[in-house]
Amino acid sequence: MSTFQAPKGTYDLIPPDSAAYLAVREAIAAPLRRSGYGYVETPGFEDVELFARGVGESTDIVTKEMYVFETKGGSRLALRPEGTASVLRAALQANLHKQGLPVKLWYSGSYYRYERPQKGRYRHFSQVGAEAIGAEDPALDAELIILANDAYRSLGLSNFRILLNSLGDKECRPAYRAALQDFLRGLDLDEDTRRRIDINPLRVLDDKRPAVQAQLVGVPLLRDHLCEACKEYHEQVRELLNDAGVDFEDDPKLVRGLDYYTRTTFEFVHDGLGSQSAVGGGGRYDGLSEMIGGPALPSVGWALGVDRTVLALEAEGIELELPAATTVFAVPLGEEARRVLFAKVSELRRAGVAADFAYGGKGIKAAMKAANRSGARFAVVAGERDLAEGVVQLKDMRTGEQEPVALDAIVDRLRAPGA
Ligand code: ATP
Ligand code: MG
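Quick caveat: nothing in here was measured; it's all calculated off a predicted structure. (Residues numbered from 1 in each chain as written. Chains lettered and ligands numbered in written order. Predicted model: local features only at pLDDT ≥ 70, side-chain atom pairs only at ≥ 80, totals over all residues. Heavy atoms only, no water.)

Participant: Any chance you could break down unusual backbone geometry for me, citing the residues and the numbers?
Facilitator: Pro15 connects to Pro16 through a cis peptide bond whose omega is 5°. With respect to the helices and strands, Pro16 occurs in the segment before α1 (18–33). Cis geometry marks the peptide bond from Leu101 to Pro102; its omega dihedral reads 0°. Note that Pro102 resides in the loop between α4 (84–93) and β5 (103–112). Positive phi values are uncommon outside glycine, yet Asn95 reaches one of about 60°. Along the polypeptide, Asn95 turns up in the loop between α4 and β5. Judged by its relative accessible area of 32%, Asn95 is partly exposed. (Helix = DSSP H or I, 4+ residues; strand = E, 2+ residues; numbered from the N terminus. Buried < 20%, exposed > 50% of the residue type's maximum accessible area, 1.4 Å probe, protein only.)

Below you can see the structure in the form of structure tokens.
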């Protein structure tokens with residue numbers, strides 16, 4: 001062990017487990033790629049104001065969880081705590097919204113929040129996200145929910161639920177907000193929560209503490225205060241999901257951690273994860289663009305947590321069928337064989353066959369052990385006598401059977417499907 005450890009609340013992705021992470025990222029991205037979403041990558045840090053305005057001054061993310069630092073040049077930057085504000089900033093900066101709407105983008109990367117570390121909650125974590133910018137169309141909201149659902153299903157997950165709600169818009173939310181504040185002011189709440197009533201009362205609905213939840217019986221719900229346009233919009237989203245055969249639960253108390261959500265709001269929760277049950281979430285954020293200085297661009301998006309999705313796979317006992325990292329492992333016996341097999345390994349790789357080599361001048365025993373450990377289906381073994389005859393020994397690691405194959409023919413032989 002070295003003197004250094006990964007910082008608190010972080011962990012390293014190392015083989016063999018890292019392969020499942022890559023596969024999860026791929027599985028979430030695949031439905032987006034075939035649905036017209038283009039890949040976007042933004043910096044790991046941004047002007048702190050982008051998040052203060054875009055995520056919201058009153059959110060936990062901005063008040064408590066953000067890594068903020070000052071550069072030598074005096075700029076105040078923050079490690080990105082989430083993706084949406086950055087992606088929208090990038091789209092505006094590149095004027096993508098002037099080239100046809102909606103702008104559909106997907107991203108994948110690391111995010112940073114100074115949280116109390118626990119299982120499923122880290123200070124550095126990974127998300128894959130998608131945003132559809134600049135169109136108000138219930139089919140877009142439905143599309144994104146369907147694509148996230150498809151991604152989870154493609155991984156074999158089934159023990160998750162989709163919670164759905166509408167948060168209204170600037171027509172109906174203000175009156176609801178006032179009614180909610182009236183109700184909440186009559187409750188027995190601590191000082192922090194009382195302050196929240198003034199700044200962002202909807203957030204109180206999300207309070208997980210039983211003592212608070214118990215008092216919320218009879219709380220006014222937004223669904224009873226939605227304006228006609230919001231009601232109609234929400235009904236259409238629900239219908240499209242039903243048509244697509246995607247099950248969801250109406251959750252009238254669902255709000256989300258970010259300030260900028262309007263109308264459609266949803267969360268994917270997994271029932272095998274204990275208290276860190278949200279594997280992903282998102283919604284419509286019609287006001288965000290204007291909040292960060294852009295034109296009105298009604299948009300919808302989600303972010304799925306890769307770390308928690310991997311935990312969900314574990315919870316359901318799902319082992320992804322990952323192709324072996326190495327198909328062929330070459331074991332040379334002697335200097336001449338080393339030269340010849342090393343060349344063959346390069347040739348195999350160029351032909352698309354995953355191949356590795358017994359490095360470090362190992363003896364046959366250690367080399368065969370390395371071949372075993374690699375998970376390779378085949379070992380190619382050659383010594384002086386083999387080469388003199390123009391052959392290599394092809395060993396099937398599963399059956400243990402071995403046969404000579406002409407050196408000239410080995411690449412074609414191993415390239416064939418099923419070899
Ligand atoms: P939570 O309520 O669990 O704090 P959140 O509402 O803060 O989640 P979002 O900002 O919506 O989460 O992020 C989307 C997804 O990213 C979450 O559903 C979760 O899977 C993942 N995520 C968020 N924060 C963390 C974290 N600290 N560690 C690991 N994954 C995280
Ligand atoms: Mg959070």
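Continuing now.
Participant: An account of the sheet that holds strand β6 (residues 124–133) is needed here, citing residue identities and associated values.
Facilitator: With respect to topology, 8 strands assemble into an open sheet ordered β1-β5-β6-β11-β10-β9-β7-β8, the strand pairing being mixed. Two strands close off the open sheet at either side, each with one partner strand: β1 (38–39) and β8 (249–250). Two strands pair when backbone bridges link them, and strand β10 (residues 278–284) and strand β11 (residues 299–305) are joined in this way by 5 bridges, in the antiparallel orientation. Opposite Arg284, over in β11, you have Val300 as the bridge partner. The strands that α1 touches are β5, β6 and β11; relative to β6, the one it contacts most, it runs at about 5°. The strands that helix α5 (residues 138–154) touches are β5, β6, β7 (160–166), β9 (262–270), β10 and β11; relative to β11, the one it contacts most, it runs at about 15°. (Pairing = 2+ DSSP bridges. Contact = heavy atoms within 4.5 Å. Axes fitted to C-alpha atoms, helices over the stretch in contact; angles between N-to-C directions.)

Participant: An account of the nonpolar core is requested, with residue identities and associated values reported.
Facilitator: Within the largest apolar cluster, 43 residues are counted, with the highest numbers of intra-cluster contacts made by Leu32, Tyr37, Leu241, Phe268 and Trp302. Elements supplying a minimum of two residues to this core: α1, β6, α5, β7, α10 (228–243), β9, β11 and α12 (306–315). Top element by residues in this core is α5. It accounts for 8 residues. Each residue touching Leu32, except ones within four places of it in the same chain, is listed here: Tyr37, Trp106, Val128, Gly129, Ala130, Leu147 and Trp302. (Core = buried A, V, L, I, M, F, W, Y, C linked by side-chain atoms within 4.5 Å.)

Participant: Please give an account of the domain arrangement of the chain that cites residues and values.
Facilitator: The domain boundaries assigned to the chain delineate domain 1 (18–172 + 226–315) and domain 2 (328–415). Centre-to-centre, using C-alpha coordinates, domain 1 lies 48 Å away from domain 2. (Domains from an automatic or database assignment.)

Participant: Outline the site of ligand 1, listing residues and values.
Facilitator: Close contacts around ligand 1 come from 15 residues, with Arg113, Glu115, Arg121, Tyr122 and Arg256 the closest. In this structure, a nitrogen atom belonging to ligand 1 sits 2.8 Å away from a main-chain N or O atom of Tyr122. A distance of 2.9 Å is found between an oxygen atom of ligand 1 and a side-chain nitrogen or oxygen belonging to Arg308. For ligand 1, the accessible surface in isolation is 590 Å², of which the surrounding protein chains cover 89%. With 3 residues, β10 is the single largest residue contributor to the shell around ligand 1. Across the shell around ligand 1, the residue classes tally to 6 nonpolar, 4 polar and 5 charged. (Near = heavy atom within 4 Å. Polar contact = N/O pair within 3.5 Å; in protein donor to acceptor, adjacent residues only side chain to side chain. Areas by Shrake-Rupley, 256 points an atom, 1.4 Å probe, with all protein chains shown as cover. Nonpolar A, V, L, I, M, F, W, Y, C, P; charged D, E, K, R; others polar.)

Participant: Can you lay out the packing of α1 against α5 for me, pointing to particular residues and giving the numbers?
Facilitator: A packed helix pair is summarised by two numbers, namely the angle formed by the two axes and the spacing between the axes. In contact at an axis separation of 8 Å, α1 and α5 are set at 140° when each is read in the N-to-C sense. Classified by the interaxial angle, the pair formed by α1 and α5 is oblique. Considering how the two elements wind past one another, α1 and α5 form a crossing that is right-handed. Contacts between α1 and α5 involve Ala27, Ile28, Pro31 and Leu32 from the first element and Leu147, Ala151 and Ser154 from the second. Split into classes, the residues belonging to the contact of α1 with α5 amount to 6 nonpolar, 1 polar and no charged. (Parallel < 35°, antiparallel > 145°, perpendicular 65-115°, else oblique. Left-handed = near helix turned anticlockwise from the far one by under 90°.)

Participant: Explain the pairing of strand β15 (residues 391–396) to me, using residue names and the numbers behind them.
Facilitator: Most of β15 sits out of view: 5 of its 6 residues are buried. Both β15 and strand β16 (residues 402–406) contribute to a ladder of 5 bridges, which runs antiparallel. Note on β16: the bridge partner recorded for Val392 is Val405. From the end of β15 to the start of β16, which pair antiparallel, there are 5 residues, and Gly400 there has a positive phi angle of about 80°.

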